[in-house]
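# Descriptive structure summary
In case you want the letters, here they are:
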2 protein chains.
Amino acid sequence: MKDIAKELGVSVVTISKVLRDHPDISDETRERVLKYVKKVDYQPNILARGLVTGRSYLVGLIVPDLLHPFFAEIAKSLSREIGVKGYSLIIASSDEDPEVEAREIRQLQARHLDALVIASCALNNTSIDQLALHSNPYVLIDRNFSKVKSNFVGTDDEAAGRIATEHLIQMGCRRIAHISGRSNSTGHGRLKGYQAALQSHGLRYREEYVVSRPHVDADSIEQGKQAMQMLLERKVRPDGVFCYNDPLAIGAMEKIFEEGLSVPNDIAVIGCGNLHYDSSLRVPLSSIDQQNVNIGRRAGEVVLEIIESKVPKPPQKIVFEPALVARLSTLRNSANHSENPKRKSKK
Amino acid sequence: MKDIAKELGVSVVTISKVLRDHPDISDETRERVLKYVKKVDYQPNILARGLVTGRSYLVGLIVPDLLHPFFAEIAKSLSREIGVKGYSLIIASSDEDPEVEAREIRQLQARHLDALVIASCALNNTSIDQLALHSNPYVLIDRNFSKVKSNFVGTDDEAAGRIATEHLIQMGCRRIAHISGRSNSTGHGRLKGYQAALQSHGLRYREEYVVSRPHVDADSIEQGKQAMQMLLERKVRPDGVFCYNDPLAIGAMEKIFEEGLSVPNDIAVIGCGNLHYDSSLRVPLSSIDQQNVNIGRRAGEVVLEIIESKVPKPPQKIVFEPALVARLSTLRNSANHSENPKRKSKK
């Protein structure tokens, strides 16, 4: 910076102000400095800039598993959103283990991040309380914690569960099972939506049709197979399954095929997340679109607003509406000829 | 640190030495400090530790697209490897655009990373020369640059192309096409392996059977469809296709299905990368395993060796052997009854 100042005959403070977009600089000086900076391809040293602004220009992201395309897509759009403003993304994976998550939070907090974005795998508030103890801002994505006042960007999970289950009912399914998520806001919300849809169509909620596995985001195809195995052992086989996410649904379908049964006519399957390879699967998978690109983008916007705001901002909740994406895995022959499910259910 | 020193009646320097694992400390003191630090859950401030060691404890990773599971898997295993030692991973995506890549390199270099890991999308040495200008160590992954002396961790791409093409020949294919990568080490290597396999089995190399698209890592299912469309317009249709990567192969298969043709009997398809959803596809995809988890892990090991070595280390090249993973997409009926392809090709 000194060299540039000398070359242009202005002070280092002036250069610094131009680079920070400070209003206290004439247009003529600003233009002259920026032109020169561009010419010499000057990259302001971020550490030096940080000493002036008190920022690290680092944003953290903790997700359960980066290989799960849902989180990879969020990471990609979040990184792009904050990258435009010179912020970089540090990523960490919790491997869906709350203890690993707590350790990653501590490690990242020691770095003086400007903000932390987290899709928490915790089932209680401990991790989030730990976050709140620090003054660093944070944004919850995907998974919310009702008792915590914080920024949140995610999906209406109850609506996701309701839409998926109602679609199965409309396709003629009557014994609808649910491979559930964990005991967090997304797991609870989708289960609640599933139950509400059954009830509003006069179908009985049967506990034995709801199965869960210890992991849902890591190693989830295998977990989905195991869960489907449990459902196939029920006295009366379900004719439709709503799965907490798409990888679980892929596993469930594989187990159904292994047993020589067909999707969708023996058992219709719908997932949640609308992952990019859903339409290339053995039977293209119906799913619920959660607008994951928008979740990443909006989380980035919230992060930038918080960091760049001069005054503390009240927490924002941004909840996207999910939407049905119907593919072959739920397109049953019976659907075309079935009675109105509402009427039928009154029997 | 001051508080801990006061509490234990030792100097701040002693505490700092214990935390840096310095040999100049008695076992008794070390144990006492570590026990206390653990009790109070003390997280050494990484910035402060950086002032002592001169490190940022940050490692950068630039990949063409984080949504491509090949790179997500590498990011995951790399992050895990360096995380154990307290290093965090900053990620950036080049969107397969050399200009974006050059910008990301400049941005990350301004952060004083301890090392940069890059799967470069550049087709010439410009980006890498820029890297070499800085004293920060870097490690190339997946894509190598022959004129540059640098650390590299990747796959033997020529072997990958050869194995894939020989497998198609063994399955009875005689008109084998190639949807190629870009003009970089991976693209060249796999093309070379494809040509070598054809030649060693006496099959003619036909230029019209090699097609390429501007992108191969971003938006690649669509790119694969377009490339397959081009191949289907050839006077004589190919009966086998080796695709540069799995997402291209998925697109190619979709185009084949759209045309009412079958995989593998009309056209056998093999990809490269062995992505985690390959076996769940409409026709499970044969592929070449590149050991991507090992690439990430070994890149992490090389990074740690470079950072923690007291003396500059000569560049290392670590090249993993690829392996065939045969699934339904190449299992042709004709294969069981076909003559030995080597003999047949002598006609």
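## Some thoughts on the packing of helix H6 (residues 98-109) of chain B against helix H7 (residues 126-133) of chain B
All names here are of chain B.
- At their nearest, the axes of H6 and H7 sit 10 Å apart, and the two run at 10° to each other. Looking at the two axes, H6 sits roughly parallel to H7. Seen from H6, the contacting residues are Glu101, Ala102, Ile105, Arg106 and Gln109; seen from H7, they are Ser127, Gln130 and Leu131.

## Things to note about the relation of the copies chain A and chain B
- Superposing chain A onto chain B takes a rotation of 180° combined with a translation of 0.0 Å along the rotation axis, leaving an RMSD of 0.1 Å. Seen this way, the second copy is the image of the first under a two-fold rotation axis. Taking C-alpha positions as reference, the residue of chain A nearest the rotation axis is A:Arg282, located at 1.5 Å.
- Both copies share a contact surface, since 100% of the interface residues of chain A are interface residues in chain B too.

## Some details on the sheet that holds strand E1 (residues 58-63) of chain B
- One open sheet accounts for twelve strands, arranged E11(A)-E5(A)-E4(A)-E3(A)-E1(A)-E2(A)-E2(B)-E1(B)-E3(B)-E4(B)-E5(B)-E11(B); its pairing is mixed. In this open sheet, the two edge strands, each paired with only one partner strand, are strand E11 (317-320) of chain A together with strand E11 (317-320) of chain B. Strand-to-strand twist of the sheet, defined as the mean angle between neighbouring strand axes without regard to direction, takes the value 20°.
- In terms of strand pairing, E1(B) meets strand E2 (residues 88-93) of chain B through six bridges, oriented parallel. Residue pairing across strands places B:Gly60 opposite B:Ile90, the latter belonging to E2(B).
- Contacts from helix H6 (residues 98-109) of chain A reach strand E1 (58-63), strand E2 (88-93) and strand E3 (115-118) of chain A together with E2 of chain B, with the element oriented near 150° to E2(A).
- Most of the contacts of helix H12 (residues 292-308) of chain B go to strand E5 (residues 151-155) of chain B, to which it runs at about 170°, and overall it touches E1, strand E3 (115-118), strand E4 (138-141), E5 and E11 of chain B.

## Notes on the domain arrangement of chain A
Residue and element names in this part refer to chain A.
- Taken domain by domain, chain A comprises domain 1 (2-44), domain 2 (54-155 + 292-321) and domain 3 (157-290 + 325-338).
- Here the C-alpha centre of domain 3 lies 29 Å away from the C-alpha centre of domain 2.
- Across the contact, 19 residues belong to domain 2 and 21 residues belong to domain 3.
- Around 1700 Å² of area is buried between domain 2 and domain 3 when both sides are counted, 46% of it from carbon and sulfur atoms.
- Counting the contacts that link domain 2 with domain 3 gives two salt bridges.
- In this structure, Glu96 engages Arg182 in a salt bridge whose closest nitrogen and oxygen atoms are separated by 3.9 Å.
- At the surface where domain 2 touches domain 3, the tally comes to ten residue pairs in polar contact (both at pLDDT 80 or more).
- Secondary-structure elements contributing two or more residues to the side of domain 2 that touches domain 3 are helix H5 (69-83) and helix H12 (292-308).

## Quick look at helix H2 (residues 12-19) of chain A
- When we look at burial in H2(A), the residues that qualify are A:Thr14, A:Ile15, A:Ser16, A:Lys17 and A:Val18.
- Positive backbone phi, at 65°, marks A:Asp21, one or two positions downstream of H2(A).

## Some thoughts on the pairing of strand E4 (residues 138-141) of chain A
Residue and element names in this part refer to chain A.
- Judged by which residues are buried, E4 turns out to be covered on both faces: Tyr138 and Leu140 on one side and Val139 and Ile141 on the other are all buried.
- Where E3 and E4 come together, three bridges link them in parallel fashion. In the sheet register, Ile118 faces E4, and the bridge partner there is Leu140.
- As paired strands, E4 and strand E5 (residues 151-155) are joined by three bridges and run parallel to one another. Residue pairing across strands places Leu140 opposite Phe152, the latter belonging to E5.

## Description of the packing of aromatic side chains
Residues and elements named next belong to chain A.
- The tally for this structure, following the rule as stated, stands at seven aromatic pairs over all chains.
- Ring geometry for Tyr57 versus Tyr87: centroids 4.9 Å apart, planes at 35°, classification tilted. Residue Tyr57 is found in the loop between helix H4 (46-53) and E1, and its partner Tyr87 is found in the loop between H5 and E2; the two are separated by 30 residues along the sequence.
- With relative accessibility at 2%, the residue Tyr87 sits in the buried group.
- Between the NZ or CZ atom of Arg282 and the centre of the ring of Phe257, over which it lies, the distance is 3.9 Å.

## With respect to the sheet that holds strand E7 (residues 210-212) of chain A
Residue and element names in this part refer to chain A.
- In space, the four strands of this open sheet follow the order E7-E6-E8-E9, with parallel pairing throughout. Unpaired on one side and paired on the other, E7 and strand E9 (268-270) mark the two borders of the sheet. Adjacent strand axes in the sheet meet at a mean angle of 20° when their direction is disregarded.
- Here four bridges tie strand E6 (residues 176-180) to strand E8 (residues 240-243), and the two strands are oriented parallel to one another. Bridged to Ile176 within E8 is Gly240.
- Along the sheet, helix H10 (residues 220-232) contacts E6, E7 and E8; its crossing angle with E6, the most-contacted strand, is approximately 145°.

## Considering the side chain of A:Arg298
Residues and elements named next belong to chain A.
- Along the chain, Arg298 turns up in helix H12.
- Overall, the relative accessible area of 18% leaves Arg298 in the buried class.
- Among the polar contacts made by the side chain of Arg298, one reaches the side chain of Glu301 at a distance of 2.5 Å.
- Leaving out residues up to four positions away in the same chain, Arg298 has contacts with Val153, Glu305, Gln316, Ile318 and Phe320.

## Things to note about the interface of chain A and chain B
- Taken together, the 42 residues of chain A in the interface contact 42 residues of chain B.
- Approximately 3700 Å² of surface area, both sides summed, lies buried where chain A meets chain B, with 54% of it carried by carbon and sulfur atoms.
- Put simply, B:Asp65 and A:Lys76 hold a salt bridge, and the shortest N to O gap is 3.1 Å.
- At the surface where chain A touches chain B, the tally comes to 18 residue pairs in polar contact (both at pLDDT 80 or more).
- Put simply, the parts of the chain that give the side of chain A that touches chain B at least two residues each are H4, H5, E2, H6 and helix H11 (246-258) of chain A.
- When residues in the side of chain A that touches chain B are grouped by element, the largest group, eight residues, is from H5(A).
- As paired strands, E2(A) and E2(B) are joined by three bridges and run antiparallel to one another. The residue bridging A:Ile91 from the neighbouring strand is B:Leu89, located in E2(B).

## Some thoughts on the pairing of E11(A)
Residue and element names in this part refer to chain A.
- Side chains Ile318 and Phe320 project from E11 onto a buried face, and the interleaved Lys317 and Val319 project onto a face without burial.
- Bridge count between E5 and E11: four bridges; the pairing is parallel. Across the sheet, the residue bridging to Val153 is Ile318, located in E11.

Calculation notes
- Residues numbered from 1 in each chain as written.
- Chains lettered and ligands numbered in written order.
- Predicted model: local features only at pLDDT ≥ 70, side-chain atom pairs only at ≥ 80, totals over all residues.
- Heavy atoms only, no water.
- Axes fitted to C-alpha atoms, helices over the stretch in contact; angles between N-to-C directions.
- Helix = DSSP H or I, 4+ residues; strand = E, 2+ residues; numbered from the N terminus.
- Parallel < 35°, antiparallel > 145°, perpendicular 65-115°, else oblique.
- Contact = heavy atoms within 4.5 Å.
- Least-squares fit on C-alpha atoms with pLDDT ≥ 70 in both.
- Pairing = 2+ DSSP bridges.
- Domains from an automatic or database assignment.
- Buried area = accessible area lost by both parts, 1.4 Å probe.
- Salt bridge = Lys/Arg side-chain N within 4 Å of Asp/Glu carboxyl O.
- Polar contact = N/O pair within 3.5 Å; in protein donor to acceptor, adjacent residues only side chain to side chain.
- Buried < 20%, exposed > 50% of the residue type's maximum accessible area, 1.4 Å probe, protein only.
- Phe/Tyr/Trp six-rings, centres within 6.5 Å; stacked < 30°, edge-to-face > 60°.
- Lys NZ or Arg CZ within 6 Å of the ring centre and 35° of its normal.

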